[in-house]
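Remarks on the overall topology
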Amino acid sequence: MATHTKWHGVYRAFYEQRSLLAGAPPLTIPADGVAPADFPDAQARRELGAVAAYLLGVPNIENAPFNRLLSLVQSGYGDQPFWRGLILDYLDCVLRDKRDELRREGAAARVRIAESLARVRAADREQKMLVDAFAGRIAEQHFPINAKKLVRNYFRMARAHPDEAWAVLTANPGQFSPIQTRDKSGAVVLTPEQAVDANKKIAGFVKKMRL
């Protein structure tokens, strides 16, 4: 069995009173002549909005504060329960439309956030794979440098300044990760001259790698 839309019911209630709404904007949808599944909710809302604005004496009901509309209903139709009920039914449909719209917007926003997070995570995974791959090749040469720190810092700078990052990497890689001139015990293992030479060798090696 077909189900009436929320607008079908309230529109039909107003439509049945159209003979009493001679001066109001027209209601043009034959409420009982349209299948519920085909009922034009958007048109019904526009037409009912125009009628409600007429009944409440406001130029545009969509722009009127909701509390003011409730006050006008009470002051204008406090002793007319039938019309008060019809107008309140219309306002209830408007509120439910707005609630549904907010839910849709919230769901769409959650989808966008999830997609953004997925892209960020994918980019992070890809960068980690690149760092591990390039750092591994550098580490195989046993250069006196922290290879992962070198590559991570290079990629960090390259995101914003790729040309400058490449120039630094191929001229002075020690700027991204210091040349290790001491061992774990603190003993000197490279002289300053040897450190400069190691820096040049690392620069030449990564230049051939083309990160």
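Refer to the preceding data block for the structure.
Attention here is on the structure that accompanies the text. Quick caveat: nothing in here was measured; it's all calculated off a predicted structure.

Some details on the overall build of the chain
Helix and strand counts for the chain come out as seven helices and zero strands. Mapped in sequence order, the helices and strands of the chain form the string α-α-α-α-α-α-α. Its C-alpha atoms give the chain a radius of gyration of 36 Å, more than 25% over the compact-globule value 17 Å for 211 residues. In terms of overall dimensions, the chain has C-alpha extents of about 100 × 40 × 30 Å along its principal axes.

So, the packing of aromatic side chains
Tallied over the entire structure, the rule returns nine aromatic pairs. A centroid spacing of 5.7 Å and a plane angle of 80 degrees characterise the contact between F82 and W83, whose relative ring orientation is edge-to-face. Taking the relative accessible area as the measure of exposure, F82 reaches 44% and is therefore partly exposed. Ring pairing ties together the aromatic residues F134, Y154, F155, W166 and F176, which thus form one cluster. A cation sits over an aromatic face here: R18 above Y15, 3.9 Å from the ring centre.

Quick word on a positive patch on the surface
Together, K149, R152, R156 and R159 make up a region of like positive charge exposed at the surface. On the basis of relative accessibility, which here comes to 39%, the residue R152 falls in the partly exposed class.

Examining the environment of K208
Structurally, K208 is set in helix α7 (residues 192–209). Take K208: its relative accessible area is 75%, and that puts it in the exposed class. C-alpha of K208 to C-alpha of N172: the two residues are 36 residues apart in sequence and 15 Å apart in space.

Re the side chain of T170
With respect to the secondary-structure elements, T170 resides in the loop between α6 (162–169) and α7. Only 2.8 Å separates the side chain of T170 from the backbone oxygen of W166, close enough to count as a polar contact. When near neighbours in sequence (up to four residues on either side) are disregarded, T170 contacts A203 and K207.

As for helix α5 (residues 147–160)
The α-helix advances 3.6 residues per turn, and as a result positions three or four apart in sequence lie on the same side. Under the 1.5 Å per step criterion, the end-to-end length of α5 is 21 Å for 14 residues, consistent within 8% with the ideal 20 Å. What α5 keeps buried is the set A147, L150, V151, Y154, F155, M157 and A158. Buried-residue contacts for α5 involve α4 (81–139), α6 and α7. With a side-chain oxygen lying 3.3 Å from the backbone nitrogen of K148, the N-terminal cap of α5 falls on N146.

Digging into the environment of I145
One can find I145 in the loop between α4 and α5. Setting aside residues no more than four positions away along its own chain, I145 makes contact with L150, P173, S177, P178, I179, Q180 and I202.

Considering the side chain of R45
Position of R45 relative to the elements: it lies in helix α2 (residues 41–56). Take R45: its relative accessible area is 17%, and that puts it in the buried class. A distance of 3.1 Å separates a polar atom in the side chain of R45 from a polar atom in the side chain of D97.

Calculation notes
Residues numbered from 1 in each chain as written. Predicted model: local features only at pLDDT ≥ 70, side-chain atom pairs only at ≥ 80, totals over all residues. Heavy atoms only, no water. Helix = DSSP H or I, 4+ residues; strand = E, 2+ residues; numbered from the N terminus. Rg over C-alpha atoms; globule rule 2.2 N^0.38 Å. Phe/Tyr/Trp six-rings, centres within 6.5 Å; stacked < 30°, edge-to-face > 60°. Buried < 20%, exposed > 50% of the residue type's maximum accessible area, 1.4 Å probe, protein only. Lys NZ or Arg CZ within 6 Å of the ring centre and 35° of its normal. Patch = residues over 30% accessible without salt bridge, like charges linked within 9 Å, V, L, I, M, F, W, Y side chains within 5 Å. Areas by Shrake-Rupley, 256 points an atom, 1.4 Å probe, with all protein chains shown as cover. Salt bridge = Lys/Arg side-chain N within 4 Å of Asp/Glu carboxyl O. Lys, Arg positive; Asp, Glu negative; His and termini not counted. Charge placed at Lys NZ, Arg CZ, Asp CG, Glu CD. Polar contact = N/O pair within 3.5 Å; in protein donor to acceptor, adjacent residues only side chain to side chain. Contact = heavy atoms within 4.5 Å. Expected span 1.5 Å × (residues − 1).

All quantities given are derived from atomic positions and should not be read as evidence of function.
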